[in-house]
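Secondary and tertiary structure notes
So the chains spell out like this:
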Amino acid sequence: MKSKMSLKQLQALEAVVRQGSFTLAAKELGVSQPTVSNLVYSLEQQYQCRLLDRSGSVITSTPLLNKIRGDIKALIALRDSIDTVLTSELDLHSGSFHIGYSTFQIAIPLISEFVREYPAVDVSARALATHDLLPLLYSGEFDVGLFTAKELPPDLAGVKISATRIGLIVPEDHPLAAADAVDWQDVEPLKLIQREPTSSTRRIFDSAARLRGAKLTTILGLGSWGSIRTLVNSGVGVGVAAAQECEGEPGIRFVPIEDKNLIVGHFLACLPAMRQTAAVSSFFKITGEIHECEAFVSPKAS
């Protein structure tokens, strides 16, 4: 009977690809470099495949490993979670937690509260457009993702934190600032400052415009809300953003566009296998306490 892979092999493999080095992985795991090399080599020989690309100065994952890396990380995290339960260490005295987010107004209060409650956990957070964030969530780079979308992807587990509307951002003295709402005809003559093309906000806005036959003039695509806000305040153009991003911002006003396709959700999600791990479960709990989230959403049955 063919022997099955071991957890030690998977731990070594995950550490090497994350650290980009056998030496650094060995240091992290507290074993020798030859031990890590042998564990990974035996796994590749066992399945007659290549899981690591060793051709460059930094070791990276092969496409095959990318397909299963999220599952490997989830398996390791679940093992750690089981170990935590069995040793009655549910208060997160150590470990790391990786968060991806697309809207800092939603993410930062949640991250701040998590850090306050679990100061011993090494937390890293990275801002990305939703289109760039989701592949990293699927691959296991992030433990959880906070992103904007029309709906939750069916193969993720998560909650809808809130709903918001995408619209225009104008200075307080702009002619449109006094309008309760505008239509696409009002938008067409404007010089728009939008997010980068991979942004979920940008994609949803452009898609809604195409459905209505509106021709947009986008003069800039930027990576941050701060840059858009600054340029709007300086009179360069009219911004496009979610209403929630503008709350409490001085000198600007959010103007909605009459289009139901511009209503989107803010979601917290993770891989299904990660949902019951200690750190992820605690982050979901904090989110539920801060926001009146909708019921937990499980992946749909195939």
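This text goes with the structure placed above it.
First, a word on scope: everything that follows refers to the structure included in this document. (Residues numbered from 1 in each chain as written. Predicted model: local features only at pLDDT ≥ 70, side-chain atom pairs only at ≥ 80, totals over all residues. Heavy atoms only, no water.)

**Some points on unusual backbone geometry**
Positive phi values are uncommon outside glycine, yet Gln48 reaches one of about 50 degrees. By relative accessible area, which is 64% here, Gln48 ends up exposed. (Buried < 20%, exposed > 50% of the residue type's maximum accessible area, 1.4 Å probe, protein only.)

**Digging into a nonpolar patch on the surface**
Side chains of Ile219, Leu220 and Val236 sit close together on the surface and give an oily, nonpolar patch of about 200 Å² of accessible area. You can see Ile219 is positioned in strand S8 (residues 217-222). (Patch = residues over 30% accessible without salt bridge, like charges linked within 9 Å, V, L, I, M, F, W, Y side chains within 5 Å. Areas by Shrake-Rupley, 256 points an atom, 1.4 Å probe, with all protein chains shown as cover. Salt bridge = Lys/Arg side-chain N within 4 Å of Asp/Glu carboxyl O. Helix = DSSP H or I, 4+ residues; strand = E, 2+ residues; numbered from the N terminus.)

**A word on the environment of Ala127**
Considering the arrangement of structural elements, one finds Ala127 in strand S4 (residues 122-127). A relative accessible area of 49% means that Ala127 is categorised as partly exposed. Each C-alpha atom of the pair Ala127 and Ser102 lies 5.5 Å from the other, and the pair is 25 residues apart in sequence.

**Notes on the pattern of salt bridges**
When the charged atoms of two side chains with opposite charge come close together, those side chains can pair. All chains considered together, the criterion is met by eleven salt bridges. Of the charged contacts, one joins Glu14 and Arg18 as a salt bridge, the two residues approaching to 2.8 Å between their closest N and O atoms. Here Glu14 pairs with Arg18, and both are found in helix H1 (residues 7-19), just four residues apart, close to one helical turn. A relative accessible area of 9% means that Glu14 is categorised as buried. For Arg18, a relative accessible area of 38% corresponds to the partly exposed category. The partner of Arg195 in a salt bridge is Glu245, with the nearest N and O atoms 2.3 Å apart. Of this pair, Arg195 sits in strand S7 (residues 191-195) while Glu245 sits in the loop between strand S9 (238-242) and strand S10 (252-256); the two residues are 50 residues apart in sequence, bridging distant segments of the chain. This pair shows no difference in class: Arg195 is buried, exactly as Glu245 is.

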